[in-house]
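Each chain, letter by letter, is given below.
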Amino acid sequence: MTALADVVAFACLLTGAALCLTAGLGLVRFPDVLSRMHAGTKPQVLGVLLVMVGAAIRLDGWANAWMLLLVAAFQLLTAPVSAHLISRVAYRRRHVRRDLLLIDEFGPAGHQDPRYRGDEPGDAPPEEDGVLPQPS
Amino acid sequence: MTVVGFALYALIGGGALLALVRLALGPSLLDRVVATDTLLVIISAGLAVYAALERSPTVVPVLVVVSLLAFVGSVSVARYIGGMLLRSRTGDGRDLGLPLAAEVREEQS
Amino acid sequence: MTVEPAATRLRHQVPLAVWLVVVWMLLWGTWSWANLLSGSVVALTVLTLLPLPHVVGGARVRPLPLLVFLGHFVVDLFASGAEVAWQALRPGGVGRTAIVQVQLRADSDLLLTMVAEATSLVPGSLVLDLDREHRVMTLHLLPVRDLEGVARKKANVLVVEERLVRAFGSPADLAVLDGHQGKAVSTP
């Protein structure tokens, strides 16, 4: 029983660790920021889940298992938020290799909206302020 | 058992090293943010692997902290750059001292 | 922001408070009345000091469709995780990418957030933008070979949305979904 649990745990740990390595490879090899973010989300979700499952099997006691579950839940909740914030800024700053795009349905409109270019509606500048950038 | 442990540490260490390479190479701030984010996640995976191999639960609370720190760090930097873009007149932060994106430089040259 | 009665406000904050207490208990790792009590105190303090707008349109959970969604989600996670990992490993560098827009059908903040989260969690697709008014989601897709593959991935997002609506949506959301399908069938 314990031998079987150990085998399952080590399989999970090895797969998760391999995903961490491919994430590093992807970070180095992918051509632009948006592609590198794909490499980054992978260990954040699948890899962390697998490693946490493996660690929870190996560690005795429910207290540790609950805390590892909490780590996995935090990752699942926070990874999309930070990925979205970064990718949005990256697109606005044109960190996109356009020659590698097969199609772009978003178009240049994504970073030419003169009124609203922040992260949140609350960031939008007041219109009567006079600091409104001129749409070029 | 030791072979598996060695393989695990090698895989995770390799991933962390490659993330460090990206952190050093850049070329842009956002690349470094992504690399730092990934590096912290890989570190927390490494801590979990350590806990699993040694069967010692002492590092488990550290995991919670590291996983939250990664989020707070990348979000605050992303929002900082977003705020700069907001004040910028050209729309990509050139006038406020942000360097031009490497991808655009390639297109122009 | 309008002032609402305390009872309504409290009712909307209950799920959040329960979640905070659960997190508190998980952090301590054990169940005890002292933990429950201190967790409730902490949760109420947090909710008073940092109030959040409540989510419009509460969710209902249907267990069976939820299981269907979770099963497909895990399969998706593994399949596309392997796909992106292969992109990183394979010799000859990375294939092409694409930025596409998908017209969603759900019309609730909660459901749209869930669709965006689920799409973003699966490797290979990254949410760039979500237009709440027009319900248009902009995605960055990583391993694409041809336009046919792009169309397939777009259709996949809509399938994920449908599973989520079936698991969490209100009857009105479900009716919208079925209406769209009927239209799609009648006008091929």
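- The name an unreviewed UniProt entry gives chain C is Multisubunit sodium/proton antiporter, MrpE subunit, with Geodermatophilus poikilotrophus as the organism.
- Among the UniProt annotations of chain C, the heading Subcellular location (unreviewed entry) holds the following wording: "Cell membrane".
- According to its UniProt record, chain C has this under Sequence similarities (unreviewed entry): "Belongs to the CPA3 antiporters (TC 2.A.63) subunit E family."

- Going by an unreviewed UniProt entry, chain A carries the name Multisubunit sodium/proton antiporter, MrpG subunit and comes from Geodermatophilus poikilotrophus.
- Under the UniProt heading Sequence similarities (unreviewed entry), the entry covering chain A gives this text: "Belongs to the CPA3 antiporters (TC 2.A.63) subunit G family."

1. With respect to the side chain of threonine 22 of chain A
Argument step 1. Examined against the element boundaries, threonine 22 of chain A turns out to sit in helix 1 (residues 2-29).
Argument step 2. Excluding residues within four positions of it along the chain, threonine 22 of chain A makes contact with Lys42 of chain A together with Ala85, Ala88 and Leu89 of chain C.

2. A short note on the pattern of salt bridges
Argument step 1. Within this structure, the stated rule accounts for 5 salt bridges over all chains.
Argument step 2. Notably, a salt bridge pairs glutamate 162 of chain C with arginine 166 of chain C, separated by 3.2 Å at the nearest N-O pair. Pair noted here: glutamate 162 of chain C and arginine 166 of chain C are both in helix 5 (residues 147-168), with a separation of 4 residues, about one helical turn.
Argument step 3. By relative accessible area, glutamate 162 of chain C is classed as buried at 18%.
Argument step 4. Taking the relative accessible area as the measure of exposure, arginine 166 of chain C reaches 28% and is therefore partly exposed.
Argument step 5. Among the ionic contacts, a cluster of salt bridges with common partners joins Asp6 and Arg58 of chain A together with Arg55 of chain B.

3. Some points on the packing of aromatic side chains
Residues and elements named next belong to chain C.
Argument step 1. As enumerated under the stated definition, the model contains 2 aromatic pairs over all chains in all.
Argument step 2. Both rings, one in tryptophan 24 and one in tryptophan 28, keep their centres 6.1 Å apart while their planes meet at 65°; by these two values the pair is edge-to-face. Of the two residues, tryptophan 24 and tryptophan 28 are both situated in helix 1 (residues 6-28); the distance of 4 residues between them amounts to about one turn of the helix.
Argument step 3. For the ring pair phenylalanine 69 and phenylalanine 73, a centre distance of 5.8 Å and an interplane angle of 25° mean the geometry is stacked. With phenylalanine 69 and phenylalanine 73 both in helix 3 (residues 63-89) and 4 residues apart, the pair spans about one turn of that helix.

So, how was this worked out
- Residues numbered from 1 in each chain as written.
- Chains lettered and ligands numbered in written order.
- Predicted model: local features only at pLDDT ≥ 70, side-chain atom pairs only at ≥ 80, totals over all residues.
- Heavy atoms only, no water.
- UniProt positions renumbered as here; feature names shortened; annotations may be inferred.
- Helix = DSSP H or I, 4+ residues; strand = E, 2+ residues; numbered from the N terminus.
- Contact = heavy atoms within 4.5 Å.
- Salt bridge = Lys/Arg side-chain N within 4 Å of Asp/Glu carboxyl O.
- Buried < 20%, exposed > 50% of the residue type's maximum accessible area, 1.4 Å probe, protein only.
- Phe/Tyr/Trp six-rings, centres within 6.5 Å; stacked < 30°, edge-to-face > 60°.

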